[in-house]
Structure formats: C-alpha cells, structure tokens
Amino acid sequence: MSAALGYALFDTALGRCALAWGAAGLRAVQLPEVDDAATVARLLRASGPCDAELPTAEAAAAIRGIQALLQGQPLDLRELRLDMAHLSEFHQRVYALTRAIAPGQVRTYGDLAQALGGKGLARAVGQALGLNPFAPVVPCHRVLAAGFQSGGFSATGGAHTKLRMLQIEGAHWGETQSLPGF
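Remember, predicted model here, so these are calculated numbers, not experimental data. (Residues numbered from 1 in each chain as written. Predicted model: local features only at pLDDT ≥ 70, side-chain atom pairs only at ≥ 80, totals over all residues. Heavy atoms only, no water.)

J.: I keep staring at the overall build of the protein and nothing clicks. Help me out?
T.: A tally of helices and strands in the protein yields six helices and five strands. Residue pairs in contact within the protein that sit at least 24 positions apart in sequence constitute 56% of those at least 6 positions apart. In the structure as shown, the protein presents an accessible area of about 8,400 Å², 54% of it carried by carbon and sulfur atoms. (Helix = DSSP H or I, 4+ residues; strand = E, 2+ residues; numbered from the N terminus. Contact = heavy atoms within 4.5 Å. Areas by Shrake-Rupley, 256 points an atom, 1.4 Å probe, with all protein chains shown as cover.)

This is the structure we're talking about:
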C-alpha cells in the first residue's frame, strides 16, 4: 500500500471536488460536499492522511479530465491510474466493470452482478459502489437499480446528483430520451 502524497481541491460544473494521489496513482476522488472542509474530510477518509499540495503532472491531468467529464465531454477517464491496493479484490472487480461503462450509457446493479457471477451479488455490488472512493473516475453514477430506477447515491444530493451527472452526459436508456432537466 503506497502512502498518499497529496491532495488538491478543484472547481467543476458540480462544485468543488477533490482528489488525492500517491506514487501508484489516484488514491481517492471526492465529489462536492456541503463545503470544502467536508469535501476534504470525506476524501481523507478514503485516501488516508495526506497534505494539500500542488498537483503532480498526473494529478493535474486527472483534474482536467474530471472537469471536462463534468462539463459534458464524453470521456471515460480509463487512462487514469488508480491505486486500489487498499481495496478488496471484489471491489476492484466491481470498479473495473464500472469503468467499462461508456459515458452516456447505463447498466444496472444486476447487470454487474451477473458479470461477476450471479444476480445474487447485486446487493454486494451496490455496497461496493456506495463505498466507491473514485467517483466519477469510477462512474458509479452510471449504475442504476432494477428497472433502471435511480437507486441510491452516496454523494451529497443523493439520487438527484446522480441524475444530474447522467443528464450532463446525455444518458438515456430503453425507449426514453435524455433525462429531463432539473
């Protein structure tokens, strides 16, 4: 497990996000909380202790990619290295499958569970995504509940934030068009 080297806050279309990085890649990414202090506190719970620093070149590239994604550019961010050494093998597998969902596309918890070995794993998939330390690089907002319902979302704003992120991406499923405005 590599220690985190630093973290930085940065502005996005959703508000101020944060990321932490270490020698092995990104340790955590945090969507906006109610204020910067809450965003940093939640980031540090996922990344481990580190100090505010100027971003490395790799972290700066991640920031630009996240900003562009949250502005509606169809990026998958799969080129970003994630340090998952501190995560279980199951969570790593869930996150790898989730990263394969293209911008504007959605899957269900059951779809991911089936790919991991059976529909009975849907609850475990949901729990893993609820603990996702890399949103939106691991785009858990693209995973919906059964019947393509929004389901939960652990970021501030809950399902409303999830649907807003999908709207930014122009997501649609089934016979529906893009999500309605908020």
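Once the structure has been displayed, the description carries forward.
J.: What should I look at first to understand the pairing of strand β3 (residues 25–30) in this one?
T.: Strand residues, when the strand is regular, have side chains that alternate between the two faces of the sheet. The element β3 is extensively covered by neighbouring structure, given that six of its six residues are classed as buried. The pairing of strand β2 (residues 15–22) with β3 spans five bridges and is classified as antiparallel. Paired with L19 across the two strands is V29, which belongs to β3. Connecting β2 to the next strand, β3, in antiparallel fashion are two residues. (Buried < 20%, exposed > 50% of the residue type's maximum accessible area, 1.4 Å probe, protein only. Pairing = 2+ DSSP bridges.)

J.: What exactly am I supposed to notice about the nonpolar core here?
T.: Within soluble globular proteins, side chains that are nonpolar tend to cluster in buried spots. L19, L26, I66, Y95, V125, L129 and V137 are the most contacted members of the largest nonpolar core, which has 38 residues in total. Of all the elements in the fold, those that place two or more residues in this core are β1 (4–12), β2, β3, α2 (57–69), α3 (89–99), α4 (109–116) and α5 (122–130). The element contributing the most residues to this core is α2, with five residues. Within the second largest apolar cluster, seven residues are counted, among which are Y7, A18, A20 and C50. (Core = buried A, V, L, I, M, F, W, Y, C linked by side-chain atoms within 4.5 Å.)

J.: Is there a simple way to think about the pattern of salt bridges in this case?
T.: Oppositely charged side chains may form a pair once their charged atoms are brought near each other. What the rule picks out here adds up to six salt bridges. Of the charged contacts, one joins D83 and R27 as a salt bridge, the two residues approaching to 3.3 Å between their closest N and O atoms. In this pair, D83 is assigned in the loop between α2 and α3 and R27 in strand β3, connecting sequence segments 56 residues apart. One exposure class covers both D83 and R27, and it is buried. (Salt bridge = Lys/Arg side-chain N within 4 Å of Asp/Glu carboxyl O.)

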